[in-house]
Amino acid sequence: MRCAQITAGPIDAPVRATYLVFGSPQLLEPEIEEVVATLRSCWIGTGPRVAAFEKAFRDYVGTNHAVAVSSCTAALHLAMVAIGLKPGDEVIVPAMTFAATANAVIHAGGRPVLADVDRRTMCLDAEDVARRVTPRTRAIIPVHFAGRPCDMDALGGVAGRHGLKIIEDCAHAIETLYGGRHAGTLGDIGTFSFYVTKNVVTGEGGMATTADPAWAARIKTLALHGMSADAWKRFSDEGFKHYEVVEPGFKYNMMDLQAALGLQQLRRVEPNLVRREAIWRRYDEAFEELPVFLPPPEEKSTRHARHLYTLLLDIDRLRARRDEVLMALHRQNIGTGVHYRSLHLHRYYKETFGYAPGDLPNAEWISDRTLSLPLSPKLTDDDVEDVIFAVRRTLAHFAR
Ligand SMILES: Cc1ncc(COP(=O)(O)O)c(C=O)c1O
């Protein structure tokens with residue numbers, strides 16, 4: 001369907017009666033029933049549902065090992081420890097990512113080295129990564145941004161030449177395919193998020209995937225105090241079992257209450273993607289003529305997970321900056337997100353590592369323009385049309 005001519009209009013009146021919350025999860029009866037069944041079982045901690053969720057996820061992604069943890073941040077941290085990161089080791093991460101990607105390196109004693117991204121794909125630029133490799137570099141963390149896979153052939157080439165590990169940040173990329181293979185199986189370890197806004201949600205939650213049994217075992221041990229046996233086996237109907245602490249681990253285990261949600265959410269992962277693809281197409285056609293850069297089509301032999309629909313505002317053709325557009329949409333009852341302000345612009349990374357504006361030009365360019373619109377299988381067709389109406393009206397208002 002083509003949209004009617006864009007007309008400027010008032011941008012202070014709500015386009016709908018209720019606020020459209022950005023990233024609100026779709027939770028249906030099966031999730032509610034599974035959580036209630038978990039409560040009735042009285043096994044709410046780490047137990048059989050976590051084991052079942054790990055198996056279902058392993059099968060979905062097509063990997064040998066999947067370890068459920070409390071968040072993607074935890075999975076990233078454990079991956080850094082598992083690959084043997086030592087104090088002062090460097091890990092290359094994109095500047096255009098959520099803070100957790102870089103913070104996990106710091107938690108493990110390493111130093112995150114920010115690399116620039118491609119303006120179109122918003123994923124790591126392999127040439128810039130290659131320029132930032134030093135004798136201290138140990139790993140690269142590609143972020144499959146918004147669900148679009150990074151150029152893993154190019155990044156694999158850099159990693160191979162310098163003997164670096166690749167830890168994939170798949171927080172946006174549960175359904176992502178690259179050359180027919182799932183994200184999370186393309187590097188050494190994959191890390192996933194089931195945070196409330198993600199494509200599969202468990203409230204908080206994460207998963208580490210790997211083909212390597214030794215890394216999987218170490219991550220599992222580290223996620224539960226460094227104990228050699230799972231807690232649910234400690235107190236199971238098989239009777240008490242002694243455990244051995246083999247190293248000082250963390251408290252990063254997932255609970256059955258969370259896995260209950262994940263088990264049911266994972267069943268709908270493919271139909272939900274189909275729905276988000278339809279919303280994506282509708283947005284693409286509705287915004288084609290606006291002063292924006294649309295997300296580019298997916299690359300050949302890949303599948304985009306459609307996690308974030310991110311417009312880049314063409315601010316040279318607008319009389320407003322991104323935040324004014326965002327606030328105008330907010331006043332119209334449309335919630336949006338910013339993914340992200342480049343890490344080098346945040347106070348901590350500037351003060352600690354000496355980054356300054358201008359250091360990572362593409363990430364900075366995106367930071368100034370990016371605006372994520374609601375994209376959830378929960379959206380009705382009317383919700384989608386409300387977003388479109390508000391965005392078109394707002395950009396017409398601010399157009400030069
Ligand atoms: C790219 C990226 N990496 C890591 C994370 C951290 O995920 P979690 O909240 O599960 O720790 C997020 C979460 O928003 C993310 O978007």
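Right, let's walk through the structure included here. (Residues numbered from 1 in each chain as written. Predicted model: local features only at pLDDT ≥ 70, side-chain atom pairs only at ≥ 80, totals over all residues. Heavy atoms only, no water.)

**Some points on the overall build of the chain**
Heads up, the condition is: Under the DSSP-based scheme used, a helix requires at least four consecutive residues in state H or I and a strand at least two consecutive residues in state E, with every element numbered from the N terminus. Our radius of gyration looks at C-alpha atoms and nothing else; its globule reference is 2.2 Å times the residue count to the power 0.38. Accessible area is worked out with a 1.4 Å probe on protein chains only. A residue is then buried under 20% of its type maximum, exposed over 50%, and partly exposed in between. Throughout, a residue-residue contact means that at least one pair of heavy atoms, one from each residue, lies within 4.5 Å.
The helix and strand inventory of the chain stands at 14 helices and 13 strands. Relative to the compact-globule value of 21 Å for 400 residues, the chain shows a C-alpha radius of gyration of 22 Å, a close match. By principal-axis analysis of the C-alpha atoms, the chain measures approximately 70 × 55 × 40 Å. Counting the 400 residues in the chain, one finds 57% classified as buried. The long-range share in the chain, meaning contacts at least 24 apart out of those at least 6 apart in sequence, stands at 73%.

**Brief notes about the sheet that holds strand β3 (residues 111–115)**
Put simply, the rule is: Paired strands are those between which DSSP finds at least two bridges. Helix axes are fitted to C-alpha atoms over the stretch in contact, other axes to C-alpha atoms as well, and angles between N-to-C directions run from 0 to 180 degrees.
With mixed pairing, the seven strands of this open sheet are ordered in space as β1-β9-β8-β5-β4-β2-β3. Of all the strands in the sheet, the pair left with one neighbour each is β1 (65–69) and β3. The sheet shows a mean angle of 25° between the axes of neighbouring strands, taken without regard to direction. In the sheet, β1 pairs with strand β9 (residues 206–210) via five bridges, with the strands oriented antiparallel. The partner of V67 across the bridge, within β9, is A208. Seen against the sheet, helix α2 (residues 48–61) touches β1, β8 (189–193) and β9 and runs at an angle of roughly 135° to β1.

**Quick word on the pattern of salt bridges**
In plain terms, the rule: What counts as a salt bridge is simple: a side-chain nitrogen of Lys or Arg found within 4 Å of a carboxyl oxygen of Asp or Glu.
Enumeration according to the criterion identifies 21 salt bridges in this entry. Among the ionic pairs, R132 bridges to D128, the shortest N-O distance being 2.7 Å. Residue class for R132 comes out partly exposed when judged on its relative accessible area of 25%. For the salt bridge of R218 with E247, the shortest nitrogen-to-oxygen distance reads 2.7 Å. With R218 in helix α7 (residues 213–222) and E247 in the loop between α8 (231–234) and α9 (256–267), this pair connects stretches of sequence that are 29 residues apart. When salt bridges with common partners are traced through the structure, they connect R16, D383 and D386 into a single cluster.

**As for the packing of aromatic side chains**
Put simply, the rule is: Aromatic pairs are defined between Phe, Tyr and Trp rings, using the six-membered ring for Trp, whenever the two ring centres lie within 6.5 Å; interplanar angles under 30 degrees are classed as stacked, those over 60 as edge-to-face, and all others as tilted. Consider the ring centre and the ring normal. A charge sits over the ring if Lys NZ or Arg CZ is within 6 Å of that centre and within 35 degrees of that normal.
Counting across every chain of the model gives 15 aromatic pairs. Arranged with centres 4.8 Å apart and planes meeting at 75°, the rings of W280 and Y309 form a pair that is edge-to-face. Pair noted here: W280 is in helix α10 (residues 269–287) and Y309 is in strand β12 (residues 309–313), with a separation of 29 residues, a long-range link. The buried category is assigned to Y309, whose relative accessible area is 0%. Taken together, F53, F57, F192 and F194 form an aromatic cluster joined through their ring pairs. If you follow R306 out to its NZ or CZ, it ends over the ring of W280, 4.6 Å from the centre.

**Topic: the nonpolar core**
Put simply, the rule is: Note on terminology: a nonpolar core comprises buried Ala, Val, Leu, Ile, Met, Phe, Trp, Tyr and Cys residues joined through side-chain atoms within 4.5 Å.
Formed by 68 residues in total, the largest nonpolar core has its most connected members in M80, V91, V129, I141, I167 and I189. Among the elements that take part in this core, helix α3 (residues 72–82) stands out by supplying nine residues, more than any other. Ignoring sequence-local partners within four residues, the contact set of I167 consists of L76, A79, M80, I83, I140, I141, P142, I189 and T191. Counting 32 residues, the second-largest nonpolar core is a separate cluster that includes W280, L326, I334 and L371.

**Observations concerning the packing of α3 against helix α4 (residues 99–107)**
Basically, it comes down to this: Angles are sorted into four bins: roughly parallel if under 35 degrees, roughly antiparallel if over 145, roughly perpendicular if 65 to 115, and oblique for all others. It is the rotation of the near helix from the far one that decides the hand of a crossing: anticlockwise by less than a right angle makes it left-handed, clockwise makes it right-handed. Each residue is assigned to one of three groups, with Ala, Val, Leu, Ile, Met, Phe, Trp, Tyr, Cys and Pro labelled nonpolar, Asp, Glu, Lys and Arg labelled charged, and all others, Gly among them, labelled polar.
Two elements in contact, α3 and α4, have axes whose closest approach is 8 Å; the angle formed by their N-to-C orientations is 40°. In this view, α3 runs oblique relative to α4, as classed from their interaxial angle. Regarding α3 and α4, the two cross each other, and that crossing is right-handed. Contacts from T73, L76, H77 and M80 in α3 reach A100, T101, A104, V105 and H107 in α4. Grouping the amino acids of the contact of α3 with α4 by side-chain chemistry returns five nonpolar, four polar and no charged.

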